[in-house]
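Descriptive analysis of the structure
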Amino acid sequence: QLYEFSRDFTRGESFVDPKTKAIIGIASISMDNSARGTLHLPGGKSEEVKEIKPGSTWNFEKNGVRYQLIMETVNWTNNSVKASVSEVPD
């Protein structure tokens, strides 16, 4: 069973994956349904990210296991986003 976790959240909030502690926080959402925020992946440092669109993907490793953080939805109309972390099979 591969690990998977996803959650809806709104502008001004952060998505924190409970297992890997990967974090993405959304500061603003534009009319073109792109977002701007802060990304922190395990083993890395926090970075500002711009032009986050649905389908934006970041790959990372934690304890020798590969994961993918995906921005699933970015919705300007109701200021909501959805992100997920999935374990990548070998």
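One can find the structure itself at the top, above this paragraph.
For the structure given in this document, a descriptive report is provided here. (Residues numbered from 1 in each chain as written. Predicted model: local features only at pLDDT ≥ 70, side-chain atom pairs only at ≥ 80, totals over all residues. Heavy atoms only, no water.)

1. Some details on the pairing of strand β4 (residues 35-40)
In terms of strand pairing, strand β3 (residues 23-29) meets β4 through six bridges, oriented antiparallel. Within β4, the position partnered with I23 by the bridge is H40. Where β3 folds back onto β4 in an antiparallel hairpin, the turn is made up of five residues, including N33, whose phi is positive at roughly 60 degrees. For β4 and strand β5 (residues 47-52), the ladder comprises four bridges, and the chain directions are antiparallel. (Pairing = 2+ DSSP bridges. Helix = DSSP H or I, 4+ residues; strand = E, 2+ residues; numbered from the N terminus.)

2. Re the sheet that holds β4
Strand order in the open sheet made by the four strands is β2-β3-β4-β5, with antiparallel pairing throughout. A single partner strand is all that each edge strand has here, and the edge strands are β2 (14-16) and β5. Ignoring which end each strand starts from, the neighbouring axes of this sheet average 25 degrees apart. Pairing geometry for β2 and β3, over three bridges, is antiparallel. Paired with F15 across the strands is I24, a residue of β3. (Axes fitted to C-alpha atoms, helices over the stretch in contact; angles between N-to-C directions.)

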